[in-house]
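Okay, here's what each chain looks like letter by letter:
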Amino acid sequence: MPLEDGDPVRWRGQQVNGEVSSTPRHRGTGDPPPQDTPATDGSTTETTAEGWEPRPALGDSDVTTEGALQQVGQEPGRREEALMVELSELVQKVVKSSSWWERHGVDISILAFSFLLLPAGFLCLRSAQAIPFLAGVLILGVVHHTLTVKGSHLASHNALTESKSWGKVWAIFFIEICSAFTAEQATYNHVKIHHGYTNVIGLGDSSTWKLPFLNRYIYMFVAPLAVPIITPLVALDLLRNVEWKAALRTLCCMFLGLYCHYWLLLHLSGFQSPWSALLCMLLTRSLLAHPYIHVNIFQHIGLPMFAADRKPKRIHLMSLGVLNLPRNALLDWSFGHSLISCHVEHHLFPSLSDNMCLKIKPIVSQYLKQKKLPYNEDTYASRLRLFLQRYEELMVHAPPITELVGIQ
């Protein structure tokens with residue numbers, strides 16, 4: 001899908017405050033992604049998402065994205081591929097020179113330490129005093145999100161180990177037992193669709209995070225509390241798309257994870273009634289649900305979107321359609337660097353661990369800026385204000401398409 005020299009690039013619609021505005025094109029957001037969808041550049045989705053082995057903030061003054069799109073239209077496809085190859089070589093040198101501790105050990109240690117904190121959290125809940133009890137809720141809430149968000153995310157990309165067999169084991173453990181979701185569908189939807197077609201309309205455009213029937217305040221501040229309930233229900237619905245053996249395994253793992261949490265609250269934390277234990281489960285499992293929902297929409301929605309047959313090559317697609325948030329100690333620990341401050345790096349090199357994404361961040365940011373490509377960064381507060389102000393446009397209506405004219 002090469003670009004011809006001199007081809008112009010234009011927005012479909014108007015640019016308002018540095019972002020795209022156009023007549024919305026409505027489409028359903030609940031449709032399941034197509035199975036085995038080939039990438040439009042001739043490769044498979046899996047190759048697009050995981051094929052590599054081993055800064056301007058959006059706002060009123062943002063003009064870098066438009067300039068980069070003009071550059072996409074003026075450069076031939078071979079140069080785009082050469083840019084990605086050159087950047088990959090720079091990153092590979094860093095990876096090869098890194099120790100196992102840097103590549104996997106740091107993140108495994110964070111997950112292991114989180115497991116060791118579990119007994120302290122359950123025991124704190126035995127206290128009748130407010131401060132120890134709240135400390136128990138905080139510990140269990142942070143541990144839960146570390147295992148279910150950071151652990152599941154790394155496991156879905158096989159970034160915890162270099163063994164595919166062990167990677168499958170960790171995926172089942174973190175995604176199915178800890179997160180009460182189905183490993184096959186989580187991996188397919190995230191790795192092959194979201195990463196393979198980042199910000200491509202109808203595929204990886206983050207539409208699954210949209211609930212257009214909710215108003216902005218309900219969606220942003222109330223609905224996240226229901227995530228622990230919605231997640232297993234969605235998983236049960238998706239089991240229709242997997243083999244019966246995998247579905248049976250998932251059901252057993254989901255039940256095991258949920259029941260163990262419930263049993264420990266009754267027998268280790270000393271809850272007297274099932275309803276109080278279930279309420280505590282909901283509280284701890286939704287403790288960081290608000291930033292979890294926010295992060296998933298802040299880093300893609302509102303950025304350029306593309307049609308499946310009108311998308312640029314990989315390096316431009318990821319630099320245009322992905323945004324980094326600033327470092328945050330709590331979210332870095334619970335969600336991982338690749339979901340917070342190194343999301344651009346993660347989308348370019350998805351098989352790398354959180355710690356390695358942080359290590360290559362200076363190289364990637366410097367390279368993209370040298371090549372006059374966007375390196376999108378913005379603050380959490382700024383994105384929150386943007387989504388509250390433009391909720392209808394960004395979350396209710398279908399996103400406008402960034403049209404690249406002249407793609408063959």
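Computed from a predicted structure; not experimentally measured. All residue numbers here refer to positions counted from 1 along the written sequence of the relevant chain. Only residues with pLDDT of 70 or above have their local features reported here, since the model is predicted, and side-chain atom pairs are shown and tallied only from 80 upward, although totals for entire chains, interfaces and linings are computed over all residues. Just so you know, side-chain values use all the structure's heavy atoms and leave hydrogens and water out.

Strands here mean DSSP runs of E at least two residues long; helices mean DSSP runs of H or I at least four residues long; both are numbered from the N terminus. Counting its regular elements, the protein contains 18 helices and 4 strands. Here the term buried applies to any residue with accessible area under 20% of the maximum for its type, exposed to any over 50%, and partly exposed to those in between, with areas from a 1.4 Å probe on protein chains only. Among the 408 residues that make up the protein, the fraction classed as buried is 52%. Split by element, the accessible area of the protein, about 18400 Å² in all, is 62% carbon and sulfur. Here the accessible surface of atoms and residues is derived via Shrake-Rupley with a 1.4 Å probe, and residues count as covered only by protein chains that are part of the display.

This brings us to unusual backbone geometry. Within the chain, Asn199 stands out as a residue other than glycine whose phi angle is a positive 60 degrees. You can see Asn199 is positioned in the loop between helix H7 (183–195) and helix H8 (216–222). Relative accessible area serves as the criterion here: at 0%, Asn199 is assigned to the buried category. Here the phi dihedral of Lys372 falls at roughly 60 degrees; this positive angle occurs in a residue that is not glycine. Examined against the element boundaries, Lys372 turns out to sit in the loop between helix H16 (354–370) and strand S4 (376–377). Lys372 gets classed as exposed once you look at its relative accessible area, which sits at 61%.

With that settled, the discussion passes to the confidence of the model for the protein. As a note on interpretation, predicted positions should not be read in detail where pLDDT is low. Within a predicted model, pLDDT stands for the predictor's per-residue confidence, ranging from 0 to 100. Mean pLDDT over the protein works out to 83, with 80% of the residues at or above the 70 mark. Per-element averaging of pLDDT across the protein places strand S1 (residues 14–16) at the bottom with 32 and helix H15 (residues 343–348) at the top with 98. Throughout, a residue-residue contact means that at least one pair of heavy atoms, one from each residue, lies within 4.5 Å. Counting contacts from residues 1–66, a segment whose pLDDT is below 50, to residues more than four positions away or on other chains yields 169 contacts. Confidence drops under pLDDT 50 across residues 72–76; counting only partners more than four residues distant or on other chains, this segment forms 18 contacts.

What follows deals with the nonpolar core. Remark: nonpolar core denotes a set of buried residues (Ala, Val, Leu, Ile, Met, Phe, Trp, Tyr, Cys) joined through side-chain atoms within 4.5 Å. Membership of the largest hydrophobic core comes to 25 residues, with the highest contact counts inside it found for Ile315, Leu348, Phe349, Val364 and Leu368. At the level of elements, helix H3 (77–96), helix H13 (314–321), H15 and H16 are the ones that each hand at least two residues to this core. Other than its neighbours up to four places away in sequence, Leu348 contacts Met84, Leu87, Arg314, Ile315, Met318, Val364 and Leu368.

Where helix H6 (residues 164–178) contacts H7, the axes come no closer than 9 Å and their chain directions differ by 100 degrees. Here H7 runs roughly perpendicular to H6, going by the angle between their axes. In contact with Lys168, Ala171, Ile175 and Glu176 of H6, H7 contributes Ala183, Glu184, Ala186 and Thr187. Classifying every residue of the contact of H6 with H7 gives 4 nonpolar, 1 polar and 3 charged. Angular values range over 0 to 180 degrees, each being the angle between N-to-C directions of two axes fitted as lines to C-alpha atoms, with helices fitted over their stretch in contact. Our angle categories are set so that under 35 degrees counts as roughly parallel, over 145 as roughly antiparallel, 65 to 115 as roughly perpendicular, and the remainder as oblique. The residue classification treats Ala, Val, Leu, Ile, Met, Phe, Trp, Tyr, Cys and Pro as nonpolar and Asp, Glu, Lys and Arg as charged. All others, Gly included, are polar.

Now for the state of the cysteines. Any pair of cysteine sulfurs within 2.5 Å is marked as a disulfide. Under the defined criterion, the tally for this structure stands at 0 disulfides. Note on Cys253: no disulfide assigned, nearest cysteine sulfur contributed by Cys252 at a separation of 6.9 Å. On the accessibility criterion, Cys253 (12% relative accessible area) is buried.

It is worth spelling out H6 at this point. How far a helix is expected to stretch is found by multiplying one less than its residue total by 1.5 Å. Compared with the 21 Å implied by 1.5 Å per residue over 15 residues, the 20 Å span of H6 between its first and last C-alpha is a close match. Among the residues of H6, those classed as buried are Gly167, Ala171, Ile172, Phe174, Ile175, Glu176 and Cys178. Contacts from the buried residues of H6 go to helix H4 (100–124), helix H5 (130–156), H7, helix H10 (244–267) and helix H11 (274–285). Phi turns positive, to about 60 degrees, at Ala180, one or two residues after H6.

All right, on to the UniProt feature "transmembrane region" (unreviewed entry) in the protein then. UniProt positions are given in the numbering used here, feature names are shortened, and annotations may be inferred rather than shown by experiment. Mapped onto the present numbering, the UniProt feature "transmembrane region" (unreviewed entry) falls on residues 108–125, 130–147, 217–239 and 246–268. Taken as a whole, residues 130–147 contains 100% helix and 0% strand, while its terminal C-alpha atoms sit 26 Å from one another. The span residues 217–239 carries 78% helix and 0% strand; its end-to-end C-alpha distance comes to 32 Å.

A word on the packing of H10 against H11. Two elements in contact, H10 and H11, have axes separated by 9 Å at closest approach and are oriented at 120 degrees. Taken together, the axis directions place H10 and H11 in an arrangement best described as oblique. Between H10 and H11 lies a crossing of right-handed hand. Packed against H10, whose contacting residues are Gly257, Leu258, His261, Tyr262, Leu265 and Leu266, the element H11 presents Pro274, Ala277, Leu278, Cys280, Met281, Thr284 and Arg285 at the interface. Looking at the contact of H10 with H11, its residues break down into 9 nonpolar, 3 polar and 1 charged. Working rule for handedness: look at the near helix, and if it is turned counterclockwise from the far one by less than a right angle, call the crossing left-handed; if clockwise, right-handed.

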